[in-house]
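# Architecture and fold: a report
Now for the letters of each chain:
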Amino acid sequence: MFSKPTTEQLLAGIAEQLRTTVMAEIQTEPTKILLQQIDQILMVCSRRAAHEIAFVHEEAQRIAVLTGKDMGAPASLHLDEVVAWYHRVSVALSDEVEAAFVSGDQSRIDTARVALDARSAVEMQILGALDLVGRG
Amino acid sequence: MHNVNEMPARIAAFFAKVEPGWKNVKVDSYEVMTGGYSRLLARAEVTHAGGHETLVLRGDPPKDRQLIETSRQQEYELLCVVADHGVRTPRALYFDATGADLGTATIVLEYSKCTSFVPWFNAGGSLDGLHLRLAEAIAFYQSVPIDKLPASMERHASWDAYMTKRIDAWRQASHNHVESLPIFHYVAEWLDAHRPPEAPLVLRHGDFQSSNVMISADGQFEMIDWELAGIGDPREDMGYFKAVAQAMPPDLLDDTRIEEFCARYRELTGMNELQVNPATVAYFLILGVVGTVEQLMQGGAKWATGENHLFTSVFNMSSVVFGQSMWLAAASQLSEPMKRIAAAAQGGK
């Protein structure tokens, strides 16, 4: 397969063409708003495509260290199997959060919280800026 | 409303039926409006022998293009109740409950002469005193007696029962999603561990944000888009307003205004400082959004499984990503203040 331009580059390139060339041809306001939303989602996809398999593995490693539990591994690096495994990792973290609060152990709650903050930081890195186009 | 080309004829036929006294009805224009994320919106100019009407049509999109599922029947009944109570909101004038006439379940509203708040602000509108007007607007619609609200709205056995259900909605939103959402579980547990003092249950708007308020020439707020309304905690709409303002300024409840806002609201409602203060409002910045978050996540899940083809469902998941970072930060800041408030409330009993 040709690996370059990367998926990240291709998606960002499509977004740029929509923004700079197609947008000027759009006449109706609802379609302009849709195009702005598509632009934002394409940029999210671009950032995700570059890192998502690595991101979920890094998160699973963090959770394994924080909880002392083995998170296992996906059956392969094909995205469907990675996503199925990541769901199991997320369930483990959700269960740990609930167990931490039930225990009342503040250090255990704080430990779970560290994992959640890291997860949120990655999500925000992927999101970039939020612009609620079409509202107001 | 699904077929724009049919609408002038449909509207003319509709008024021949509901306003038999109108003669020579002519639909001068029919324009799709932007701004409604969840429902179809259009503006119609209608002339008849007795005068001219500017109307707004608000209807359900096709099933596979619905961002969220809500009842037009309930919304119509509520609009009638709140308008009769004197709440500033565009009046619902007609209702096609089945869509037999207008193509989909549709509420026909009067066209508001007010200006949308966000564009008004972006054009240089002054915020002076508006946080007080906001407190007054909220206190007023919350004064609608619960027994006057549509029978279809869920009544709750107690405030505690209501809060338990709302908090659990965070867990359920994760369980019902296409993947587990650990931050939702944290939010639920944190909210449960830091409950505020009890408050009387009232009408809540449910989507009370700057893009759902308009401003009149005399500087008063008018509320629109009541589709997510229900009966709930009075601080939910305040927190929700603040939550959305984090992503879409201006924030009328920022640090410079929140104390005065709370004081004005307490003055109007008789609630006390332990019930309504910057910390309890911020608590509901988290809890108050759960209804919308549930709906947005359901929309995203249905898109992922192919049951929904509305691109906005995907786009709106970005708001939840942003929200998660905000809820975590708010929980960190509020843990100690909420513990102090709970202790003071216990001491006062």
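This structure is a prediction, so every number in the text was calculated from the model and none was measured. (Residues numbered from 1 in each chain as written. Chains lettered and ligands numbered in written order. Predicted model: local features only at pLDDT ≥ 70, side-chain atom pairs only at ≥ 80, totals over all residues. Heavy atoms only, no water.)

Moving on, we come to the interface of chain A and chain B. Between chain A and chain B, the contact holds 33 residues from the first and 38 residues from the second. With both chains or domains summed, chain A and chain B bury close to 3,100 Å², and 66% of this area falls on carbon and sulfur atoms. Where chain A touches chain B, the interface holds one salt bridge. Among the salt bridges present, the one from B:R171 reaches A:E98, with a minimum N-O distance of 3.9 Å. Joining chain A to chain B, the criterion identifies seven residue pairs in polar contact (both at pLDDT 80 or more). (Contact = heavy atoms within 4.5 Å. Buried area = accessible area lost by both parts, 1.4 Å probe. Salt bridge = Lys/Arg side-chain N within 4 Å of Asp/Glu carboxyl O. Polar contact = N/O pair within 3.5 Å; in protein donor to acceptor, adjacent residues only side chain to side chain.)

A cis amide bond links A:K4 with the next residue in sequence, A:P5, at an omega value of 0°. Note that A:P5 resides in the segment before α1 (7–22). The residue B:N24 is not glycine, and still its phi comes out positive at about 55°. Structurally, B:N24 can be placed in the loop between α1 (7–18) and β1 (26–32). (Helix = DSSP H or I, 4+ residues; strand = E, 2+ residues; numbered from the N terminus.)

Our next topic: the environment of B:Q324. In this structure, B:Q324 sits in helix α11 (residues 311–348). Using a relative accessible area of 6% as the deciding quantity, one classes B:Q324 as buried. With 141 residues separating them along the chain, B:Q324 and B:I183 place their C-alpha atoms 7.0 Å apart. Each residue touching B:Q324, except ones within four places of it in the same chain, is listed here: A:S120, A:E123, B:I183 and B:F184. (Buried < 20%, exposed > 50% of the residue type's maximum accessible area, 1.4 Å probe, protein only.)

Below, the discussion takes up the nonpolar core. All names here are of chain B. Grouped together as the largest cluster of nonpolar side chains are 109 residues, with contacts concentrated most on W170, W190, L203, F221, W226, I286 and W327. If one sorts the elements of this core by residue count, α11 sits on top with ten residues. Residues lining this core come from more than one domain, with at least three contributed by each of domain 1 (4–110) and domain 2 (115–348). W22, Y30, A44 and V108 belong to the second-largest nonpolar core, a separate cluster that totals 16 residues. (Core = buried A, V, L, I, M, F, W, Y, C linked by side-chain atoms within 4.5 Å. Domains from an automatic or database assignment.)

Right, let's get into the side chain of B:S335. All names here are of chain B. The topology assignment puts S335 in helix α11. Of the polar contacts made by the side chain of S335, one reaches the backbone oxygen of A331; its length is 2.9 Å. Leave out the neighbours within four places in its chain, and S335 touches W190 and H194.

We now examine the pattern of salt bridges. Enumeration over the complete set of coordinates arrives at 37 salt bridges over all chains. Residue A:E96 pairs with A:K69 through a salt bridge whose shortest N-O separation is 3.6 Å. Separated by 27 residues along the polypeptide, A:E96 in helix α3 (residues 79–103) and A:K69 in the loop between α2 (29–67) and α3 bring together distant segments of the chain. According to the relative accessible area criterion, A:K69 is partly exposed, its value standing at 41%. As a salt-bridge pair, B:D160 and B:R195 come within 3.2 Å of each other at their nearest N and O atoms. Placement of the pair is B:D160 in helix α5 (residues 159–175) and B:R195 in the loop between α6 (182–193) and β7 (202–204), with a sequence separation of 35 residues. Here the salt bridges do not stand alone but share partners, grouping A:E98, B:D160, B:D168, B:R171, B:E189, B:D192 and B:R195 into one network.

Moving on: the sheet that holds strand β2 (residues 40–48) of chain B. All names here are of chain B. The five strands lie next to each other as β1-β2-β3-β5-β4, forming an open sheet whose pairing is antiparallel. With partners counted over all chains shown, the strands left at the sheet margins are β1 and β4 (92–96), one partner each. Each neighbouring strand pair of the sheet contributes to a mean axis angle of 25°, computed without reference to strand direction. Pairing analysis gives five bridges linking strand β3 (residues 51–59) to strand β5 (residues 106–110), with the strands arranged antiparallel. Directly across from L55, in β5, lies its bridge partner E110. Across the face of the sheet, helix α2 (residues 72–85) comes into contact with β3, β4 and β5 while running at roughly 160° to β4. (Pairing = 2+ DSSP bridges. Axes fitted to C-alpha atoms, helices over the stretch in contact; angles between N-to-C directions.)

Turning to the sheet that holds strand β8 (residues 213–215) of chain B, a few remarks are in order. Residue and element names in this part refer to chain B. With respect to topology, three strands assemble into an open sheet ordered β6-β8-β9, the strand pairing being antiparallel. Lying at the two open borders of the sheet, with one neighbouring strand each, are β6 (115–116) and β9 (221–223). Here three bridges tie β8 to β9, and the two strands are oriented antiparallel to one another. Residue pairing for β9: V213 is matched across the bridge by M223. On the sheet, helix α4 (residues 130–141) packs against β8 and β9 and is oriented at approximately 40° with respect to β9.

Residues and elements named next belong to chain B. Partitioning chain B into domains gives domain 1 (4–110) and domain 2 (115–348). The C-alpha centroid of domain 2 is placed 28 Å from the C-alpha centroid of domain 1. Domain 1 puts 25 residues into the contact, and the matching count from domain 2 is 34 residues. Taken over both partners, the interface formed by domain 1 and domain 2 buries close to 2,500 Å², and the fraction arising from carbon and sulfur atoms is 58%. In terms of surface lost to domain 2, no three residues of domain 1 exceed L67, L78 and R88, which account for 26% of the buried area on that side. Linking domain 1 with domain 2 are six salt bridges. The shortest N-O distance in the salt bridge between R58 and D225 comes to 2.6 Å. With nine residues, the top contributor of residues to the side of domain 1 that touches domain 2 is α2. When the residues that make up the side of domain 1 that touches domain 2 are grouped by side-chain class, the tally is nine nonpolar, seven polar and nine charged. (Nonpolar A, V, L, I, M, F, W, Y, C, P; charged D, E, K, R; others polar.)

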